[in-house]
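Take a look at the letters that make up each chain.
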Amino acid sequence: MIRYPNGYIIQTVQAEDAFLVYGELNASGHVAKGFRLDVPNLSNAGWSQKNEIYTHLQSYLSRFDASKRLQLRYTKDANYDKILEKYEADTERFSDVPFCQGFE
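Residues numbered from 1 in each chain as written. Predicted model: local features only at pLDDT ≥ 70, side-chain atom pairs only at ≥ 80, totals over all residues. Heavy atoms only, no water.

With four bridges connecting them, strand E1 (residues 7-10) and strand E2 (residues 19-22) associate as antiparallel partners. Bridge pairing in E2 links Tyr8 to Val21. The pairing of E2 with strand E3 (residues 30-32) spans three bridges and is classified as antiparallel. Along E3, the bridge assignment pairs Tyr22 with His30. (Pairing = 2+ DSSP bridges. Helix = DSSP H or I, 4+ residues; strand = E, 2+ residues; numbered from the N terminus.)

See the structure below:
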């Protein structure tokens, strides 16, 4: 059985500055804080803009030393219809196993 640590929320005047504390608020405890990075779609950007974003992200990530932990969650807003349709068609075409084939 997994035992999760007890935690509590430290509320601040600005709600976006709130953070979580697990254990004690000292060296034996852990503090967690969430951030959101909104990176623009760079598909049509020039190399100078792409390099600038890369440099900023690299600078941000380099601030974390071995005593810090970083967890990333990447999401992309896009239309995946074409990719999924091709995947479904390839599965139908190449699959010899009946349960891998689609149902009508």
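What follows continues from the structure just given.
This part is about the sheet that holds E3. Overall, antiparallel pairing links the three strands, which are arranged E1-E2-E3 in an open sheet. For this open sheet the edge positions go to E1 and E3, each flanked by a neighbour on one side alone. Pairs of neighbouring strands in the sheet enclose a mean axial angle of 25 degrees, with direction left out of account. (Axes fitted to C-alpha atoms, helices over the stretch in contact; angles between N-to-C directions.)

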